[in-house]
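# Breakdown of the fold
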There are 2 protein chains.
Amino acid sequence: MYDILNRINSPADVKELNAVELEGLASDVRDALFNRLTKIGGHFGPNFGIVEATIALHYVFSSPVDKIIFDVSHQSYTHKMLTGRKNGYIVDEDFSKDSGYTNPDESEHDLFNIGHTSTSISLATGVAKARDLKREKYSVIALIGDGSLSGGEALEGLNVAGAELNSNLIIIVNDNQMSIAETHGGIYKSLKALRESNGESSNNIFKAFGLDYMYVNEGNNIQKLIEAFKKVKDIDHPIVVHINTIKGNGYKFATENKEAWHYTSPFNKETGERYYVPNGESYVSIVKDFILNKAKKDPSFVALCPDVPGNFGLNKQVREELGEHYLDVGIAEEQAVAMASGVAKNGGTPLVLSSATFMQRTYDQVSHDVGINNSPVTILLSYSGMNDLRDISHLGIFAVSTFNDIPNIVILCPSSKDELLQALEWSTTQKEHPVIIVMPSGKVVYRESKYDFNSINKFELVKKGEKVALIGLGDFFTKAQFLAVEMKDKLGFEPTLINPSFASGVDKDLLDKLALNHKVIVTLENGVKDNGLGEKIASYLGDKDIKVLNYGLEKKFIDRYEVEDLLEEIGLTSDKIIKRVSNLIK
Amino acid sequence: MYDILNRINSPADVKELNAVELEGLASDVRDALFNRLTKIGGHFGPNFGIVEATIALHYVFSSPVDKIIFDVSHQSYTHKMLTGRKNGYIVDEDFSKDSGYTNPDESEHDLFNIGHTSTSISLATGVAKARDLKREKYSVIALIGDGSLSGGEALEGLNVAGAELNSNLIIIVNDNQMSIAETHGGIYKSLKALRESNGESSNNIFKAFGLDYMYVNEGNNIQKLIEAFKKVKDIDHPIVVHINTIKGNGYKFATENKEAWHYTSPFNKETGERYYVPNGESYVSIVKDFILNKAKKDPSFVALCPDVPGNFGLNKQVREELGEHYLDVGIAEEQAVAMASGVAKNGGTPLVLSSATFMQRTYDQVSHDVGINNSPVTILLSYSGMNDLRDISHLGIFAVSTFNDIPNIVILCPSSKDELLQALEWSTTQKEHPVIIVMPSGKVVYRESKYDFNSINKFELVKKGEKVALIGLGDFFTKAQFLAVEMKDKLGFEPTLINPSFASGVDKDLLDKLALNHKVIVTLENGVKDNGLGEKIASYLGDKDIKVLNYGLEKKFIDRYEVEDLLEEIGLTSDKIIKRVSNLIK
């Protein structure tokens, strides 16, 4: 097994292979992909579709002198195997050495840590510009999927490449006729016309951006790709090489249901069945049900999704059920948020569905199109906090901090099913405020309570106690509850327990009262401390005779971590907090 | 004077005019524009070029039932005059009633507060979507300039309009062959081909996005425009109406030098001379000289500008002098920042030139493409703080707060010429950190000092004093200096005076020492308090026996304000601060 792959220790070894061996390498690579993905999961479709193109790239170009930049880089597994990192795929013990995205810490063949969409062309124009200024000669290649072309940054990149850079830049458009879900947007009509005319259609989005263009119909044919890449290798101006590939190529289940196999958890290769299938109620199922109900009750309701509808349980069947009440804008967060503002201003009820890591791509639209205009838009953020996505390029720990300096935006962090549903119902009914709802993660918490979110920044005083007040935001309210129990146990008094609900402002009345008869306030947040609720509380109480302890993550990027390690590191454990508090109340 | 304009109290009155009167109206509108702009300044070129199209729009469509959305809305002056707000142009005392941008508080004919580029199509798709859900019938119109088409959000909007909306949407592309400076990008080749072929070119960027298309060559001819608009008024699908206009039309000086007349300060109509011409050294001239010198010394240096090169003194002549060391990416902040990361990662020296209000459009690229990758990119932000731009859509008060939760980003706020130059030299020489430099504003401050920015987050202890420590960030260090003098005068002791330089982190050693022998720390910031340096200091010292008073703006949008009023409102005056401090140190 892996006979040929085992001979590849660097891209130079790929160049030594003959045509038959190159086919064998592709087969080995797919075996290696199966080995890793069946056991620990990962991006399936993007990697299975790009095996041949990656082999051809390394056959023709000479990385790291030639620079290859992968968009999103979730399709870089083959590249990794060919650049000295095959053990991350064929040696089970080494899986964790490989990040699943390009990563300069792993290899000189990776230029950037990348995980967000539509960046590769822009990055490549910069790499090429530096090359030109330094009077160096080599190829710069950006490899981008058709799905990523709906993102504005990619289109800005095409525009600049099409006129401002008069030197070598090779933009490979990997057209597999899919985004994560199906593609959306007029640009895909142009791509279709190009595929159907073998690249001859006069309706050519790339030429319209001023770019030279070449089409390769057999994008999973190594020899055809080698031929094409050789032609453009030393080109003296930017060109788009449009290759037609099959997402998930080489695995029947994946080509038959491309959306389900974009990313996979561990699975049985023979049957295609996932070993772990979530069942029972989850925050995802709660949200999905809410959306379906809302669409039935409110004729002007529309859910707008700029990335992964599956994160909210909206598979194809559910999307069809939603009909005109669902709109996929392609991978285009700015469009989603501005469009939502338009819907809201014209009397509709928009709900933007995204995750914390992707929604940060639209700070300005949240601020201007929504915030300044006070449009009653609801934005629901999944994968927030430190529990879910743990790759440096997909962190949820900035969910609150990203937006918490923008006026008019109400940020709600529900701590239970009840609170989440009341938050959703309130925000999609009221017409006064833009609202971001940070979705809780993990096991569903059931705690019945009534909320009046119209009283902006009014915290829920869950239990009146003494000396110490514990404020646990969102997910971390549960931690505050546990801490209260332990504190009573160890320090002999019952602390005050508060569920703030709001992250975007402080309950001044409540804090003023606490300052009169408490000695310490402890805040707990599931994200970075910076721009969090805790900092606002500490600042507000800066001139009062009360101590404030803010718990949350330090401002730094983290990668593939254990949550317990993080909490230990910042002292967010009952023992450590109780020790610190007991010193302060002596 | 204003014979015809005086008869226009609402768009309905425009419909009553005959062809000759419509021409007269255009003439009156230009007189009114001159009246306002010669006296208080404003956007010149965009408004003079769109007079005829705006008249034709209101002749054919029926606002506010039909919805017109202006991109940037700096070209909405004619629209304002025709929708009941002519006094803002012809009655000098009423100038201040008109914001210079569309503003729903002024009129039901304005849907949004808008000031940033490339948003109109996205907003319009949302307005149209709500209309469709509500089963209503009317036209939705987005009017966008060719310069704005380089921005990713506009392209995302075209993509969605081209496939996801099967109903009336009229996108008027106002092609005046200019951005603020000249246009940049491959898309402009396509527009040129369309103009030169009377719209017949097969290279059509709009059709490539799946859109229907119509060309109007005489974009300053009211009758031709009326004819075109009538054709598309009741269309059942999205269409682009591409109109060819002359920026600054009707004023020789403006058509001869379009960049200089994009925006103007008050001027003499006869001579075209501005009444106020800045002279002497300014922070702008200091930066311009730095850039020119840097380009001479560092062959791999490149200044990237995604908006207004003139804000840094880079007029056409200077740009030509910079040659390959200057690159205009069009209005495309995301492209600029990601490209800069590419330049830096490939060993070049990138400097991104923008202002606080526009750079917030690229939060994600600052975080991912630059921050995670720790690319040594320098971003220089002009118009930061509360002094310069005072329109709600162009605020500088979020300069620090927008980015201050992003790890790895060093934010420097220089307080003097010396510090600014040392910050620029350091950041464009070192290779360890991404750096945002917040440019000071107002009169140049001369204060000699040596800085070691390699010691990240090390504050400058300017003067050791007692009891109270004053920390004035950036621009506001001067305020801290004044406050120190007054404090000595009124309270009889000399406070400690600190210039922090860094906004992105706290000097823990220094703060620990201050906590031992001071009673109060006062922080002064030229922006919102949220996510500022002060909050971080208050949080860090939350468990210490020292009071912290954070001064800065409350988190709210402000519009056309007086700085003194703001400072009074937040208590940032020497008298008020001294009173509060004296109570705390009793």
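Residues numbered from 1 in each chain as written. Chains lettered and ligands numbered in written order. Predicted model: local features only at pLDDT ≥ 70, side-chain atom pairs only at ≥ 80, totals over all residues.

## Focus on the overall build of chain A
Secondary structure assignment for chain A yields 23 helices and 18 strands. A compact globule built from 586 residues should have a C-alpha radius of gyration of about 25 Å, and chain A, at 26 Å, falls within 12% of that. Dimensions of chain A along its principal axes, counting C-alpha atoms only, are 80 × 55 × 55 Å. Every one of the 586 residues in chain A was classed for burial, and the buried ones make up 60%. For chain A, contacts bridging at least 24 residues in sequence account for 77% of all contacts bridging at least 6. (Helix = DSSP H or I, 4+ residues; strand = E, 2+ residues; numbered from the N terminus. Rg over C-alpha atoms; globule rule 2.2 N^0.38 Å. Buried ≥ 20, exposed ≤ 12 C-beta atoms within 10 Å, placed from the backbone. Contact = placed C-beta atoms within 7 Å.)

## Side note on the interface of chain B and chain A
One frequently used descriptor of interface size is the decrease in accessible area upon assembly of the parts. At the junction of the two partners, chain B supplies 101 residues and chain A supplies 101 residues. Contributing elements (two or more residues each) for the side of chain B that touches chain A: α7 (120-133), α8 (152-161), α9 (187-196), α10 (205-208), α15 (333-345), α17 (363-372), α21 (533-540) and β18 (547-553) of chain B. Examining the composition of the side of chain B that touches chain A, we find that ten residues originate from one element, α7(B), more than from any other. Split by residue class, the side of chain B that touches chain A holds 37 nonpolar, 41 polar and 23 charged. (Nonpolar A, V, L, I, M, F, W, Y, C, P; charged D, E, K, R; others polar.)

## A few points about the nonpolar core
The biggest cluster of nonpolar side chains holds 357 residues, and the ones touching the most others in it are A:Ile411, A:Val522, B:Leu304, B:Ile411 and B:Val522. Setting aside residues no more than four positions away along its own chain, A:Ile411 makes contact with A:Val400, A:Phe403, A:Asn404, A:Ile436, A:Val438, A:Phe502, A:Ala503 and A:Ser504. (Core = buried A, V, L, I, M, F, W, Y, C linked by C-beta atoms within 7 Å.)

## Examining the relation of the copies chain B and chain A
Of the transformation superimposing chain B on chain A, the axial component is 0.0 Å and the angular component is 180°, with the fit at an RMSD of 0.0 Å. Taken together, the turn and the small shift mark the pair as related by a two-fold rotation axis. Within chain B, the C-alpha atom positioned nearest to the axis of rotation is that of B:Gly152, 1.8 Å from it. (Least-squares fit on C-alpha atoms with pLDDT ≥ 70 in both.)

## Comments concerning the domain arrangement of chain A
Domain annotation of chain A identifies domain 1 (5-264), domain 2 (283-438) and domain 3 (460-584). Each of domain 1 of chain A and domain 3 of chain A was reduced to a C-alpha centroid, and the two centroids are 46 Å apart. (Domains from an automatic or database assignment.)

## With respect to helix α13 (residues 283-297) of chain A
The periodicity of an α-helix, 3.6 residues per turn, causes residues three or four positions apart to be oriented the same way. All names here are of chain A. Its 15 residues place the ends of α13 21 Å apart at the C-alpha level, agreeing with the 21 Å of an ideal helix rising 1.5 Å per residue. Along α13, the residues classified as buried are Tyr-283, Val-287, Ile-291, Lys-294 and Ala-295. Looking down the long axis of α13, one finds its buried residues gathered within 105° of arc, a one-sided arrangement. Projecting away from the buried face of α13 at angles above 90 degrees are the exposed residues Asn-293, Lys-296 and Lys-297. Summarising the contacts, the buried residues of α13 are in contact with β8 (301-305), α14 (316-322), β11 (378-382) and α18 (417-427). (Expected span 1.5 Å × (residues − 1). Arc of directions from axis to C-beta.)

## Here's the deal with the pairing of strand β4 (residues 169-175) of chain A
Residues and elements named next belong to chain A. In terms of burial, β4 is a largely internal element, seven of the seven residues being buried. Side chains Leu-169, Ile-171, Val-173 and Asp-175 project from β4 onto one buried face, and the interleaved Ile-170, Ile-172 and Asn-174 project onto a second face that is buried too. Direction of pairing for strand β3 (residues 140-145) relative to β4: parallel, over a ladder of five bridges. Each residue of the ladder has a partner; that of Ile-141, found in β4, is Ile-170. Note that the unit made of β3, helix α8 (residues 152-161) and β4 has a crossover that is right-handed. Strand direction decides the pairing type here: β4 and strand β6 (residues 238-244), joined by seven bridges, are parallel. (Pairing = 2+ DSSP bridges. Right-handed = clockwise from strand over helix to strand, strands pointing away.)

## Notes on unusual backbone geometry
A negative phi holds for most residues other than glycine; trans holds for most peptide bonds. All names here are of chain A. Put simply, Ser-63 and Pro-64 share a cis peptide bond, and its omega is 10°. Position of Pro-64 among the secondary structure elements: in the loop between α4 (51-60) and β2 (67-70). Phi angles above zero are rare outside glycine, and Asn-198 is one such case at about 55°. Among the structural elements, Asn-198 can be located in the loop between α9 (187-196) and α10 (205-208). Taking the number of C-beta atoms within 10 Å as the measure of exposure, Asn-198 has 11 and is therefore exposed.

## What about the environment of B:Asn373?
Mapped onto the fold, B:Asn373 is located in the loop between α17 and β11 (378-382). Separated by 97 residues in sequence, B:Asn373 and B:Leu470 have C-alpha atoms that sit 35 Å apart. Each residue touching B:Asn373, except ones within four places of it in the same chain, is listed here: A:Phe112, A:Asn113, B:Ser341 and B:Lys345.

## Things to note about the sheet that holds β2(A)
All names here are of chain A. If you walk across this open sheet you meet the five strands as β2-β3-β4-β6-β5, and the pairing is parallel. The open sheet has two free edges, formed respectively by β2 and β5 (212-216), since each of these has just one partner strand. Averaged over all neighbouring strand pairs, the angle between strand axes comes to 20°, with direction disregarded. Judged from the four bridges that link them, β2 and β3 form a sheet pairing that is parallel. Residue pairing for β3: Ile-69 is matched across the bridge by Ala-142. (Axes fitted to C-alpha atoms, helices over the stretch in contact; angles between N-to-C directions.)

## Overview of the packing of helix α2 (residues 19-40) of chain A against α4(A)
Any two packed helices are characterised by how steeply their axes cross, that is the angle between the axes, and by the distance between the axes. Residue and element names in this part refer to chain A. Two elements in contact, α2 and α4, have axes whose closest approach is 10 Å; the angle formed by their N-to-C orientations is 130°. Between α2 and α4, the angle is such that the two are oblique. For the element pair α2 and α4, the recorded crossing hand is right-handed. In contact with Leu-22, Leu-25, Ala-26, Val-29 and Arg-30 of α2, α4 contributes Val-51, Glu-52, Ile-55 and Tyr-59. Of the residues contributing to the contact of α2 with α4, the split by class is seven nonpolar, no polar and two charged. (Parallel < 35°, antiparallel > 145°, perpendicular 65-115°, else oblique. Left-handed = near helix turned anticlockwise from the far one by under 90°.)

## Focus on the environment of B:Glu227
Counting through the fold element by element, B:Glu227 comes out in helix α11 (residues 222-232). A sequence separation of 148 residues divides B:Glu227 from B:Ser375, and the C-alpha atoms of the two residues are 53 Å apart.

## Brief notes about the environment of B:Val240
Residues and elements named next belong to chain B. Checked against the element boundaries, Val-240 lands in strand β6 (residues 238-244). For Val-240, a count of 27 C-beta atoms within 10 Å corresponds to the buried category. When the C-alpha positions of Val-240 and Ile-141 are compared, they lie 9.9 Å apart, and in sequence the two are 99 residues distant.

## Quick word on the sheet that holds strand β4 (residues 169-175) of chain B
Sheets are built from strands paired through backbone hydrogen bonds, the pairs being either parallel or antiparallel. All names here are of chain B. Reading across the sheet, the five strands line up as β2-β3-β4-β6-β5 and stay open at both edges, with parallel pairing between neighbours. The sheet is open, and its two edges are formed by β2 (67-70) and β5 (212-216), each paired on a single side. This sheet shows a mean twist of 20° between the axes of neighbouring strands, independent of strand direction.

## A few points about the pairing of β6(A)
In the case of a regular strand, side chains alternate between the two sheet surfaces. Residue and element names in this part refer to chain A. Within β6, seven of the seven residues are buried, which leaves it mostly tucked inside the rest of the structure. Every second residue of β6 is oriented toward a common face, with Pro-238, Val-240, His-242 and Asn-244 on one face and Ile-239, Val-241 and Ile-243 on the other, all of them buried. Of the strand pairs in this sheet, β5 and β6 are connected by five bridges, and their pairing is parallel. Bridging across to β6, Val-216 finds its partner in Ile-243.

## Some words on the packing of helix α15 (residues 333-345) of chain A against α8(B)
At a minimum axis distance of 8 Å, the contact between α15(A) and α8(B) shows a crossing angle of 75°. Judged by the inter-axis angle, α15(A) sits roughly perpendicular to α8(B). Mapping the contact onto sequence places A:Glu334, A:Gln335 and A:Ala338 in α15(A) and B:Gly152, B:Glu153, B:Glu156, B:Gly157 and B:Val160 in α8(B).

## So, the confidence of the model for chain A
For chain A, per-residue confidence averages 97 on the pLDDT scale, and residues scoring 70 or more make up 100% of the total. Reported confidences for the modelled complex are a pTM of 0.97 and an ipTM of 0.97. (pLDDT = per-residue confidence, 0-100.)

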